[in-house]
Amino acid sequence: MHGTKVVIVDDSFFSITVLKDILEENGLEVVGTAGTLEELKDVLAKTKPELVTMDMTLPGTDGMECTREVHKVDKTIKVIMVSSMMDDEIVEESRKNKIAAFLQKPVDAEELMKTIRKVLASDELYQTLQADYLEVFKQAQVDNFKRLTKVELSYKKEFKSEAEHESQGITVVVGIIGKFSGRVLFDFKQETAYSLVEKMLKKEPTDKEEVLAVLREFANIIAGNACSMLNRKNKAYGLRVAPPFGLYGENVFLAVPEFKTMNVIAETEFGELLMNVGFKRGDD
Amino acid sequence: MNVEYVNPFIESFTTVMPQLGFQNVKKGKLSILNKEFVGNGVVIIVGIVGAVKGNVVYSLDLENAMKIASIMMMGMPISEFDEMPQSAISELTNMLTANAATAFSNIGIDIDISTPTLLHGKNISVTMSASKALSVEIVVDEIPFIVNIAFESWER
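Attention here is on the structure that accompanies the text. Position numbers for residues count from 1 along each chain, tracking the sequence in the order it is written. To read the labels, note that chains go from A and ligands from 1, taken in the order they are written. It should be noted that, the model being predicted, local features are given only for residues of pLDDT at least 70 and side-chain atom pairs only at 80 or more, the latter also being counted only at that level, while totals for whole chains, interfaces and linings use all residues. Hydrogens and water molecules were not included; the side-chain quantities draw on all heavy atoms of the structure.

### Some points on the pairing of strand β14 (residues 262-268) of chain A
Residue and element names in this part refer to chain A. The criterion, for reference: Only protein chains enter the area calculation, which uses a 1.4 Å probe; residues under 20% of their type maximum are buried, those over 50% are exposed, and those in between are partly exposed. Comment: elements are numbered from the N terminus, with helices defined as DSSP H or I runs of at least four residues and strands as E runs of at least two. Note on pairing: two strands pair once DSSP finds at least 2 bridges between them.
Among the seven residues in β14, six count as buried, and that is most of the element. By the bridge criterion, six bridges tie strand β8 (residues 154-160) to β14 in an arrangement that is antiparallel. For K160, the partnering residue across the bridge sits in β14 and is M262. Across seven bridges, the pairing between β14 and strand β15 (residues 271-279) is antiparallel. By the bridge assignment for β15, I265 is matched with L274. A loop of two residues connects β14 with β15, the two strands running antiparallel in sequence.

Written out as C-alpha cells, the structure reads:
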C-alpha cells in the first residue's frame, strides 16, 4: 500500500487538505486533486492513480458521473466515496457505479486507512490469483492425468479465449465459488473421451452415461486439486468447487463469460485436450 | 426430495421479473427428472455450494431468449443471439439464482452460487452427479422457462 498513487476529487480546499494529510502521513502518494469534471479528466490524463477519493456534490457534476469518468479511463482504479451525504439512494447508486467503498464526512483517519487497506487488499489478492491460477491448474491436470492414466501429458499452446467455444463432442464444466468465483471447463472429442475413459477404467465403457460420469470425476479431481493448491497459497481465496456437469449435443456453443478465461491445449496419446479456466473479480 | 425447494425460485422470479419489465409470473408443471436433462435453444447452468451442493439448470428456446433479452434491454430489437443478448440472459439467471439463494437463507439453508455458464445449440444433454432433479416450468408473460434444481444432498 505504501506509495499507492491517489487522486482526491473534492471542491473544498479544507476537505482536500484533511484527506491529503491523512493519506501522506500513511505513506500514500497524492498525485493530484480535482474539483470539477474537467480538472478530473486533466489529472487522469497526466497521472496514473490506483485509487481515487470522491466527493458526492461537485460543481456542474457529481461523484457518480466522475466515477464513471475514472472507470472510462481505467476500470481497475478503485474509487472510495467520501461524502457528507449518505442515504439509501446514494448507496444504491454507488453500488451501480462500482464504487468500492463509502465513507461519511467528517472522515476519521483510522477508518479511512482501514477502508483503503481493505479495498486494495482485495485487488491485490485478485492480481495474485490472476498471476497464479493458470500454472496451478496446468500442474493439477498434468499430475492427475498421470495418476489416472499412467500417461504423460504435454502442453502445446495457451491463449486467451476471445470467442464462443464450440463443443468438440463432450464438455465438462465445474463452477468455482469463493472470494472470487470462476469456472473450469474440459472439452473432448468423442473419440478422445472414449479412449481416455477406457484407459482410466481399464475396460471399455458400457455406455455414454458411464463416459460422462468418469469425465465428471476427472474434472472434479483436477478442479478440486487446483483449488486446494490455491487455497494453500492463500486461504483468503476460500475456493470450493460446485458439482461438475457434463454436456453434449448438436452444434453446442458455450458463450464467453464476462471475465477473462484462458485456453490451454494439451497433447496426449488419446488426442488433444482443451482446458479453459478463469476467475471473475469479486466486485465486477 | 423436498418439493418445497421450488418455492425460492418461484419467489425469485416473482421478485426479479417485474423489475425488468415483465408482468406475469405463473408456476407451471412440476415434475421429477430421473435422467439427464435435454434442452433445445439456450441452457444456463449455475453451480451451488454450501448447505446443499448442486446445479440449477435453466432452459428456454432461442426465440424466447431473444425476446426476453430485448425486453430487458428496453425493447432493443434483437435478430441474432450474439454477445449482447447472451450477456443479458446470463445476468438474468445470475439475478434469479442470487435471489433464490436469499430466499433459501431465509429458510435456514445458506448457499453460495457460481457464475452462470451459458450454452446454446440443439438437443443439449446435461448430466450431473445428482440422479434426480426437480423440474418446474415457470411461465413469464406466456414465455415458459424450465428450471431444473439438482441438489446432491437430497439423495441422502
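The rest of the description comes next.
### Let's talk about the sheet that holds strand β1 (residues 5-9) of chain A
All names here are of chain A. This is how it is decided: Every angle, taken between N-to-C directions, lies between 0 and 180 degrees, and every axis is a line fitted to C-alpha atoms, over only the stretch in contact when it is a helix. We call two residues contacting when some pair of their heavy atoms lies within 4.5 Å.
With parallel pairing, the five strands of this open sheet are ordered in space as β2-β1-β3-β6-β7. For this open sheet the edge positions go to β2 (29-34) and β7 (101-104), each flanked by a neighbour on one side alone. For this sheet, the mean angle separating the axes of adjacent strands, direction not counted, is 20°. When β1 meets β2, the two strands line up parallel, connected through five bridges. Pairing of V7 across the sheet is with G32, part of β2. In the packing of helix α1 (residues 13-25) onto the sheet, the strands contacted are β1, β2, β3 (51-54) and β6 (78-83), and the crossing angle to β1 comes to about 165°.

### Some words on the interface of chain B and chain A
Often, the extent of an interface is quoted as the loss of accessible area on bringing the components together. What counts is decided by this rule: A 1.4 Å probe defines the accessible area here, and the buried area is the portion of it lost by two parts on being joined, summed over both. Here, a salt bridge means any side-chain nitrogen of Lys or Arg that lies within 4 Å of a carboxyl oxygen of Asp or Glu. Asp, Glu, Lys and Arg are counted as charged, while Ala, Val, Leu, Ile, Met, Phe, Trp, Tyr, Cys and Pro are counted as nonpolar; the rest, among them Gly, fall into the polar class.
Contacts between the two partners involve 30 residues from chain B and, on the opposite side, 30 residues from chain A. Summed over both partners, the interface of chain B with chain A comes to about 2,300 Å²; 53% of that surface belongs to carbon and sulfur atoms. For D112(B), the salt bridge goes to R240(A), with nearest N and O atoms at 2.7 Å. Breaking the side of chain B that touches chain A down by element, the ones donating at least two residues are β2 (37-50), β3 (54-60), α3 (83-106), β4 (111-113) and β5 (117-128) of chain B. It is β5(B) that provides the largest number of residues to the side of chain B that touches chain A, a total of 12 residues. Of the residues in the side of chain B that touches chain A, the class split is nine nonpolar, 16 polar and five charged. Relative to β5(B), strand β13 (residues 245-254) of chain A runs antiparallel, the two sharing seven bridges. Pairing of F253(A) across the sheet is with H120(B), part of β5(B).

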